[in-house]
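Below, each chain spelled out in residue letters.
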Amino acid sequence: MSLLLHICCGPCAAYPVKFLREQGYSLSGYFYNPNIHPYKEFQKRLETLQDYVKQVELELIVDDQYCLEEFLLQALHSEQGRCHNCYEMRLRQTAKYAKAHGFEAFSSTLLVSPYQKHQLIIDVAEQVARQEEIPFAYFDFRSGWYEGVAISKQMELYRQPYCGCIFSEKERYLKPKKEK
Ligand code: SF4
């Protein structure tokens, strides 16, 4: 089966790519992540991914649109929460590309992370799949999380300290003030 794999970053790709190749999938990667802020961080993650795909000889399609203002507006005004919008934006673009270019299904490396909202990713992806009329291939990659961490360290890939958006950067670094 030909599968278009949305890739959020190099380290998160390490286990899913290994697993899917072992399962016999014909795989291409797809980078579309305008949720990554600031722009220098976006560039760093993309460069890391490009280094990774070169090492493992994986085809990578890059959509480097950086619709910062649109992302922030949607994140701030989302009724369903910013992560819902963020997943939908990225998975819809992936599904559209997969459909337009003859892939049989799409999936995402977001499914490897124990820090992501796993069920929400599934719900959003299944809705997108129905609307865009292309199957979503679900895999629970989470059992391979630590293996992926080990591979990324072995390959000396840059490992980012926060999810992606500027809100997640704040949550990572802003420590609550101690009560006096
Ligand atoms: S926390 Fe992560 S998934 Fe949620 S909106 Fe920010 S970048 Fe997207």
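Structure's up top.
Residues numbered from 1 in each chain as written. Predicted model: local features only at pLDDT ≥ 70, side-chain atom pairs only at ≥ 80, totals over all residues. Heavy atoms only, no water.

S.K.: Let's hear about empty space enclosed by the protein: which residues, and what values?
M.R.: Tallied over the entire structure, the rule returns one cavity of 30 Å³ or more. Taken as a whole, the largest cavity holds about 30 Å³ of empty space. Looking at the lining of the largest cavity, the element that brings in the most residues is helix H6 (residues 145-154), giving three residues. Its residues placed into classes, the lining of the largest cavity shows four nonpolar, one polar and one charged. (1 Å grid on protein atoms, 1.4 Å probe; cavity = no way out; pocket = protein on both sides within 12 Å on 5 of 7 lines; lining within 4 Å. Points joined across faces, edges and corners; volume = space filled by probe spheres on them. Helix = DSSP H or I, 4+ residues; strand = E, 2+ residues; numbered from the N terminus. Nonpolar A, V, L, I, M, F, W, Y, C, P; charged D, E, K, R; others polar.)

S.K.: I'd like a description of the site of the ligand, backed by residues and values.
M.R.: In the vicinity of the ligand, the residues found are Asn35, Arg82, Cys83, Cys86, Tyr87, Arg90, Gln116, Cys163, Gly164, Cys165 and Ser168. With five residues, helix H4 (residues 82-100) is the largest single contributor of residues to the shell around the ligand. Taken together, the residues that form the shell around the ligand break down as five nonpolar, four polar and two charged. (Near = heavy atom within 4 Å.)

S.K.: Let's hear about the pattern of salt bridges: which residues, and what values?
M.R.: By the definition in use, this model includes eight salt bridges. Its salt-bridge partner being Glu22, residue Lys18 comes within 3.3 Å of it at the nearest N-O pair. Residue Lys18 and its partner Glu22 are located together in helix H1 (residues 10-22), separated by four residues, close to a single helical turn. For Arg45, the salt bridge goes to Glu41, with nearest N and O atoms at 2.7 Å. Of this pair, Arg45 and Glu41 both sit in helix H2 (residues 39-56), separated by four residues, roughly a single helical turn. (Salt bridge = Lys/Arg side-chain N within 4 Å of Asp/Glu carboxyl O.)

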